[in-house]
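Single-letter residue listing:
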Amino acid sequence: MFQLKSLTLKSPIIQSPMAGCTDLAYRLVARKRGLEFCFLEMISANGFMHESHRTHELMKTVAEDRPLGIQLMGCDPDIMAKAAQRAEAMGFDLLDMNLGCPVRKVTAAGAGAAMLRDPKNTEQVFKKVMSAIKKIPVTIKMRLGYEDDSGEEAVSIAKIAEGEGLSMITVHGRTRAQGYTGKSNWEAIGKVKRAIKIPVLGNGDVSTAEDAKRLQEVSGCDGVMIGRGGLGNPWIYRQIHEQLFEGKNPEPPTREERIQAVLEHLALEVEHVGEQKAVFHMRRIGSWYIAGVTHASSYRAELIRCQTVPQVREVLLKALSTSKEFRVVPSTLTEGQ
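Not measured: the values here are computed from a predicted model. (Residues numbered from 1 in each chain as written. Predicted model: local features only at pLDDT ≥ 70, side-chain atom pairs only at ≥ 80, totals over all residues. Heavy atoms only, no water.)

### Describing the environment of A132
Moving on, step 1. Among the structural elements, A132 can be located in helix α6 (residues 119–132).
Moving on, step 2. Spatially, the C-alpha atoms of A132 and G223 are 27 Å apart, while their sequence positions differ by 91 residues.
Moving on, step 3. Ignoring sequence-local partners within four residues, the contact set of A132 consists of A81, Q85 and E88. (Helix = DSSP H or I, 4+ residues; strand = E, 2+ residues; numbered from the N terminus. Contact = heavy atoms within 4.5 Å.)

Pasting the structure below:
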């Protein structure tokens, strides 16, 4: 068991909040295949407090979508505290704060990864949020640093977080300057792990159970947060748990399991966003599932031209039914942090 204050999890293998990716359909598909804990997409604290239409859409959920976390992005201590208090009152199981988003419009406002450069204000954010939260665990996800990949900035922030009573730290092994390029520095994640006593999750460049095993061996992390490795690969959570905690060599999904998953994903998109948006979403989502199949680029080109749900279904079935190979290909998409 993995205990974070009021939250008890069976597995410390969780899914990162990813803008444009971890919507309700994604979460439901993944939960049926081994994912226990997941986040909504990243949410602006300002948007949350002003109840914007976009934020309302991001927060769509159902009873079986539990346990569920919310990740807030913002750098104003008072606004973050009010948003945190409201999130807890709404029944979320965990609150995470974003110190990792590298997007310029976010960092220019002092939020996301820019919070690593302003430890005094970041400490005030932690203080105010912790004073507003009564029961649920509060965590952060951050980069190694703004430009420095040594991990020293992350260590400094992690110590502040631990001192303010936060329950867990997740470290993405890249800097803000790297974005999603280069290689995740797992050794530097280990530096953060050794500096504090609260749990540390490692994140970055984990596309297979074997990757997760190496990350844990190198960093000593307590668990793994999956980012882009989960796109089109909802079996990864079960596979990693089996590899790390059950001593098993996990089996890859069968052709039939792949087809069932992508068709279920399509059906859930239709159910929750309607046919028109579902087609638009599945042009991207379908590409995740067929990455690594024979002639994947040709099928992606067909997907982009699809205008109806039956057309999307036909292309996906053709791609997965006729392929002679299925390789794990890390997504080139960028997540919310």
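### A few points about the pattern of salt bridges
Moving on, step 1. Counting across every chain of the model gives 16 salt bridges.
Moving on, step 2. A salt bridge links K193 to D222; the nearest nitrogen and oxygen atoms lie 2.8 Å apart. Of the two residues, K193 is situated in helix α8 (residues 186–195) and D222 in the loop between α9 (209–219) and β11 (223–226); the sequence distance between them amounts to 29 residues.
Moving on, step 3. Overlapping salt bridges bring together R27, R31 and D65 as one network. (Salt bridge = Lys/Arg side-chain N within 4 Å of Asp/Glu carboxyl O.)

### Quick look at empty space enclosed by the protein
Moving on, step 1. Evaluated as defined, the whole model comprises one cavity of 30 Å³ or more.
Moving on, step 2. Taken as a whole, the largest cavity spans an internal volume of roughly 40 Å³.
Moving on, step 3. Forming the boundary of the largest cavity are Y26, V29, A30, G230, G232, P234, H265, W288 and Y289.
Moving on, step 4. Only α1 (24–31) and α12 (275–290) provide two or more residues apiece to the lining of the largest cavity.
Moving on, step 5. Sort the elements by how many residues they give to the lining of the largest cavity and α1 lands first, with three residues.
Moving on, step 6. Its residues assigned to classes, the lining of the largest cavity shows six nonpolar, three polar and no charged. (1 Å grid on protein atoms, 1.4 Å probe; cavity = no way out; pocket = protein on both sides within 12 Å on 5 of 7 lines; lining within 4 Å. Points joined across faces, edges and corners; volume = space filled by probe spheres on them. Nonpolar A, V, L, I, M, F, W, Y, C, P; charged D, E, K, R; others polar.)

### Here's the deal with the side chain of Q239
Moving on, step 1. When you line up the elements, Q239 lands in helix α10 (residues 236–245).
Moving on, step 2. One polar contact links the side chain of Q239 to the main-chain carbonyl oxygen of E251, over a distance of 3.3 Å.
Moving on, step 3. Residues contacting Q239, with those up to four places away along its chain left out, are A209, N233, P250, E251, P252 and P253. (Polar contact = N/O pair within 3.5 Å; in protein donor to acceptor, adjacent residues only side chain to side chain.)

### Some points on unusual backbone geometry
Moving on, step 1. Residue P67 is bonded to the preceding R66 through a cis peptide linkage, with omega at -5°.
Moving on, step 2. Of note in this structure, E51 is not a glycine but carries a positive phi near 55°.
Moving on, step 3. Within the element layout of this structure, E51 appears in the loop between α2 (45–50) and α3 (53–58).
Moving on, step 4. Residue classification places E51 among the exposed residues on the basis of a relative accessible area of 57%.
Moving on, step 5. For H295, which is not glycine, the phi torsion reads 60° and is therefore positive.
Moving on, step 6. Relative to the helices and strands, H295 resides in the loop between α12 and α13 (296–305).
Moving on, step 7. Overall, H295 belongs to the exposed group, its relative accessible area being 56%. (Buried < 20%, exposed > 50% of the residue type's maximum accessible area, 1.4 Å probe, protein only.)

Fair warning: the whole summary comes from geometry, so function is off the table for now.
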